[in-house]
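# Results of the structural survey
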Amino acid sequence: MTAYLKLDHIDKSFARGSQVSEVLKDIRLTIDKGEFVSIIGHSGCGKSTLLNLIAGLTKVSAGAVLLEDKEVDSPGPERAVVFQNHSLLPWLTVYENINLAVSKVFGRTRSRAERHDWIMRNLDLVQMAHAKDKRPAEISGGMKQRVGIARALAMEPKILLLDEPFGALDALTRAHLQDAVMDIHSRLGSTTIMITHDVDEAVLLSDRIVMMTNGPAATIGEVLPVPLARPRRRIELSSDRTFLRCREAVLKFLYERHRFVEAAE
Amino acid sequence: MSIQAIEDSKVKAFPAPAKPAEVIAFTAKVRRRFDPAAIAGKLASTLVPPAVVIIVMLVVWQIACSSPNASLPPPSQVWNEAYDLIAHPFFDYGPQDIGLAWRVLISLQRVAIGFGLAAIVGVALGALVGQSIWAMRGLDPVFQILRTVPPLAWLPLSLAAFRDSSPSAIFVIFITSIWPVIINTAVGVRNIPEDYRNVSRILRLNQLEFFVKIMVPAAAPYIFTGLRIGIGLSWLAIVAAEMLTGGVGIGFFIWDAWNSSRLPDIIVALAYIGVTGFCLDRLVAAVGAFVTRGTTAK
């Protein structure tokens, strides 16, 4: 069986004048349909760059991103991104923000009533239907991120890309949203790639954890499978031996073998 | 007698319910919302200081211009000689003998056309300059030079091109007010957060959709800053342009009054121009505040 998403020997370098800085080197990864994969690494290792490459927001320098054996090199709604700072449009209400995506993606194929139902269904999925007429400025950070997730899901993407989606949230809100994402993933079976720098979050949510080495010329250091049954509950897992073993493996990778060197920035 | 009886029975039929507590609560609520003392105080604090300043200015002016050798008329003379203009803004006695409000409206009409065109073209050009690095490199130096040309310097050229005074005046307004619109729009477009652009790229919005749905609302606060500067400049330009081109606008009225030595009329016209300019500025600011009400708060 061929992989759903394949990152085929990807290199990425940025040229600033005559200076070329190599950010990513020889990234090879295959992801199956329905899989939840986290990418973890120290800041500055190029994990966000990698996500942007998959999203098509940045072009690869060498290699290719293959989705269902077709090369993708430009952004599109089948690879929806949930941005770290939600990036909802502040002049639109919650409903209108999602409607912008839905009417663009399904404007030709679905009727107005169908689109309305679809928007409301996605708002229900993230439990934000009650705030549909609020503007982003009127809701909390966690709620904004929920709406960002609803907007991405409403595009019915083949792959959901989460760029440190909970990074800017407090710990309690973050836990709530992690549960929401696990719930959505189990219900929709959406193929998901999440960038994170939180070890617990990575182990809790992922089927596999991709660990990045430090830059420059960062690459995939190790891929750790997380053989935990779903549904997962954070309280039970906190003393689960497999959970602790995975957590330790990631910590060892990040803090023993690939310690973050400030000067490398 | 009979009426009296009916009224009596009414009064008896509806005895006053004994609910003093409710009445008190109601009055308390009303007092909080429409407290006449507080409103009067607020009005007084905003209106009294300028009124005092204006009265002092009028008194000083009156004293300074009261001597028989004074070259300018004192306020009392303005009031007496230009009373018609002050009291009846809308009289209409023939083609060149109309009230000042009509003249202001005619000038405003020219401003509306010239400024309206400047707003449309300015936003479009500003979007281009803000969006494309090459358009900026090519056009920005030209804009920076042209925007320093004084409004009236354009007038001879536009008279030669249009061969008519009215379109020339409109062109002068257009060319005066377009620069701040272009420059502010360009800055606004350049400052659109990268995330909004990424959202539009993921949704594959085309150029027009991006312009209407992302660019204009995101840059709206900047655009309205430009429009506000632009409307002020165009009001400055129209008075000057009309002084030279003639017609029935407020600018020509001043020139005409000067030529027939009606100084009080000029002073009244200045007051009209100032108040109108103030209103225009506030109007654009209010429209801007209304349109951008969602975008300023993050």
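Residues numbered from 1 in each chain as written. Chains lettered and ligands numbered in written order. Predicted model: local features only at pLDDT ≥ 70, side-chain atom pairs only at ≥ 80, totals over all residues. Heavy atoms only, no water.

### Here's the deal with the layout of surface pockets
All names here are of chain B. The condition that has to hold: A cavity here means a set of points on a 1 Å grid, drawn over the protein atoms and nothing else, where a 1.4 Å probe fits but cannot get out; a pocket is an open set with protein on both sides within 12 Å along at least five of seven lines, and a residue lines either one if it has an atom within 4 Å of a point. Grid points are joined across faces, edges and corners, and a volume is the space filled by probe spheres set on the points. Helix and strand definitions follow DSSP, with helices as H or I runs of at least four residues and strands as E runs of at least two, each counted in order from the N terminus. In this count, Pro and Cys sit with the nonpolar residues alongside Ala, Val, Leu, Ile, Met, Phe, Trp and Tyr, while Asp, Glu, Lys and Arg are called charged and the others, Gly among them, polar.
Looking at the largest pocket, its volume works out to about 400 Å³. Where the lining of the largest pocket is concerned, the elements lending two or more residues are α3 (36–64), α4 (75–81) and α13 (263–291). Within the lining of the largest pocket, the residues separate by chemical class into 12 nonpolar, no polar and no charged.

### Thoughts on the nonpolar core
Rules: Among buried residues, the Ala, Val, Leu, Ile, Met, Phe, Trp, Tyr and Cys ones that are joined through side-chain atoms within 4.5 Å form a nonpolar core. Burial classes: relative accessible area under 20% of the type maximum marks a residue as buried, over 50% as exposed, and values in between as partly exposed (1.4 Å probe, protein chains only). We call two residues in contact when some of their heavy atoms are within 4.5 Å.
Leu5, Leu7, Ile149, Ile193, Ile209, Met212 and Val250 of chain A are the most contacted members of the largest nonpolar core, which has 145 residues in total. By residue number, the principal contributor to this core is helix α11 (residues 207–245) of chain B, which donates 14 residues. With residues up to four places along the chain from it excluded, the contact list for Ile209 of chain A reads Ser38, Ile40, Ala202, Val203, Glu222, Val223, Leu224, Val226 and Val250 of chain A.

### A word on the packing of helix α6 (residues 100–131) of chain B against helix α9 (residues 165–190) of chain B
This is how it is decided: Angular values range over 0 to 180 degrees, each being the angle between N-to-C directions of two axes fitted as lines to C-alpha atoms, with helices fitted over their stretch in contact. Two helices cross in a left-handed way if the nearer one is turned anticlockwise from the farther one by less than a right angle. They cross in a right-handed way if the turn is clockwise.
Across the interface, α6 of chain B lies against α9 of chain B with an axial gap of 6 Å and an inter-helix angle of 30 degrees. The element α6 of chain B and its partner α9 of chain B pack so that their crossing is right-handed.

### Looking at the sheet that holds strand β4 (residues 62–67) of chain A
Backbone-to-backbone hydrogen bonds pair the strands of a sheet. The strands run either parallel or antiparallel. Residues and elements named next belong to chain A. The cut-off we apply is this: Pairing between strands is defined by DSSP: at least two bridges between them are needed.
Read across the open sheet, the four strands follow the order β2-β1-β4-β5; overall the sheet is antiparallel. Looking at which strands have only one partner, the edges of the open sheet turn out to be β2 (19–31) and β5 (70–71). Pairing between strand β1 (residues 5–16) and β4: five bridges, direction antiparallel. Residue pairing for β4: Leu5 is matched across the bridge by Leu67.

### Points about the sheet that holds strand β3 (residues 36–40) of chain A
Residue and element names in this part refer to chain A. With respect to topology, six strands assemble into an open sheet ordered β6-β7-β8-β3-β9-β10, the strand pairing being mixed. In this open sheet, the two strands that pair with only one neighbour each are β6 (79–82) and β10 (220–225). Neighbour-to-neighbour, the strand axes of this sheet turn through a mean angle of 20 degrees, independent of strand direction. Where strand β9 (residues 208–212) lies against β10, five bridges are found, and the strand directions are antiparallel. Note on β10: the bridge partner recorded for Met212 is Ile220. Against the sheet, helix α4 (residues 141–154) makes contact with β6 and β7 (159–163), and its axis sits at roughly 175 degrees relative to β6, the strand it touches most.

### Here we look at the interface of chain B and chain A
Worth spelling out the cut-off: Defined here as a combined quantity, buried area equals the accessible surface (1.4 Å probe) lost by two parts on assembly, summed across both. Think of a salt bridge as a Lys or Arg side-chain nitrogen and an Asp or Glu carboxyl oxygen that are within 4 Å of each other.
The partner chain A presents 25 residues to the 20 residues of chain B that form the contact. When the two sides are added together, the surface that chain B and chain A hide from each other amounts to roughly 2000 Å², 66% of it contributed by carbon and sulfur. Among the residues of chain B in contact with chain A, Ile202, Leu203 and Arg204 of chain B are the three that bury the most area, contributing 33% of the side total. In this structure, the connection of chain B to chain A is made through two salt bridges. A salt bridge links Glu209 of chain B to Lys104 of chain A, with the shortest nitrogen-to-oxygen separation between them at 2.8 Å. Of all the secondary-structure elements, those providing two or more residues to the side of chain B that touches chain A are α10 (194–202) and α11 of chain B. With six residues, α10 of chain B is the largest single contributor of residues to the side of chain B that touches chain A.

### Quick notes on the packing of α10 of chain B against α11 of chain B
All names here are of chain B. Put simply, the test is: With respect to orientation, any angle under 35 degrees is reported as roughly parallel, any angle over 145 as roughly antiparallel, any angle of 65 to 115 as roughly perpendicular, and every other angle as oblique.
Axis separation between α10 and α11 bottoms out at 11 Å; the angle between their running directions is 170 degrees. Taken together, α10 and α11 sit at an angle that is classed as roughly antiparallel. Only Phe210, Ile214 and Ala218 of α11 make contact with α10, whose side of the interface consists of Tyr196, Arg197 and Ser200. Considered class by class, the residues forming the contact of α10 with α11 number four nonpolar, one polar and one charged.

### Section: the state of the cysteines
As used here, a disulfide is simply a covalent bond connecting the sulfur atoms of two cysteines. Heads up, the condition is: Two cysteine sulfur atoms form a disulfide, by the criterion used here, when they sit within 2.5 Å.
Across all of its chains, the model carries zero disulfides over all chains by this definition. Of all cysteine sulfurs in the structure, the one in Cys45 of chain A sits closest to Cys246 of chain A, which takes part in no disulfide; the separation is 20 Å.

Purely geometric numbers; function is a separate question.
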